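Per-entry structural report
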Amino acid sequence: VSSSDTRFAYDLLDPRMIECLRRKPTVPSVEFVDGDIFYYPGNAEFVQEPWGEAGFDAAIEHLLAIYDAIPAHLARAHTA
């Protein structure tokens, strides 16, 4: 984990978020930049082969779970 804002990183990576990130067999890379979320699935197969519908659906489902796990006070502060 790296962040120019240490307080933000500690607030974001609360137990609920860590559990959400650990739900996948390969931990994804997730970047939060100026209110945007960038999601990289965390496996080399993604780069070499297409996801297919099931893989895409699983990635979207996980990304939405990550979004839902963002603590409310951070969501308000970084979208306003």
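Scoring rules and cut-offs
- Residues numbered from 1 in each chain as written.
- Predicted model: local features only at pLDDT ≥ 70, side-chain atom pairs only at ≥ 80, totals over all residues.
- Heavy atoms only, no water.
- 1 Å grid on protein atoms, 1.4 Å probe; cavity = no way out; pocket = protein on both sides within 12 Å on 5 of 7 lines; lining within 4 Å.
- Points joined across faces, edges and corners; volume = space filled by probe spheres on them.
- Helix = DSSP H or I, 4+ residues; strand = E, 2+ residues; numbered from the N terminus.
- Salt bridge = Lys/Arg side-chain N within 4 Å of Asp/Glu carboxyl O.
- Buried < 20%, exposed > 50% of the residue type's maximum accessible area, 1.4 Å probe, protein only.
- Pairing = 2+ DSSP bridges.
- Expected span 1.5 Å × (residues − 1).
- Contact = heavy atoms within 4.5 Å.
- pLDDT = per-residue confidence, 0-100.

**Examining the layout of surface pockets**
Leftover empty space is mapped by rolling, across the atoms, a probe with the size of a water molecule. Considering only enclosed or pocket space, the largest pocket measures out at about 720 Å³ in volume. Lining the largest pocket we find 29 residues, and of these Phe8, Leu12, Val30, Glu31 and Phe32 sit closest to its centre. Listed by contribution, the elements that provide at least two residues to the lining of the largest pocket are helix H1 (6–12), helix H2 (15–21), strand S1 (29–33), strand S2 (36–40), helix H4 (52–69) and helix H5 (72–79). Top element by residues in the lining of the largest pocket is S1. It accounts for five residues.

**Concerning the pattern of salt bridges**
Within this structure, the stated rule accounts for one salt bridge. Two residues, aspartate 11 and arginine 7, come together in a salt bridge whose shortest N-O distance is 2.7 Å. Of this pair, aspartate 11 and arginine 7 both sit in helix H1, four residues apart, which is roughly one turn of that helix. Under the relative-accessibility criterion, arginine 7 is labelled exposed at 56%.

**Considering the pairing of S1**
Examined bridge by bridge, S1 and S2 share five bridges and lie antiparallel to one another. Opposite valine 30, over in S2, you have tyrosine 39 as the bridge partner.

**Describing H4**
Here H4 is 18 residues long and its end C-alpha atoms lie 26 Å apart, about the 26 Å a rise of 1.5 Å per residue gives. Elements that come into contact with the buried residues of H4 comprise H2, S1 and S2.

**Thoughts on the side chain of histidine 62**
Position of histidine 62 relative to the elements: it lies in helix H4. In this structure, histidine 62 is in contact with Cys20, Leu21, Arg23, Lys24, Pro28 and Tyr39, ignoring residues within four places of it in sequence.

**Here's the deal with the confidence of the model for the chain**
Considering every residue of the chain, the mean pLDDT works out to 78; 79% of them sit at 70 or more. Confidence scores differ between elements of the chain, with helix H3 (residues 44–48) showing the lowest mean pLDDT of 51 and H1 the highest of 88.

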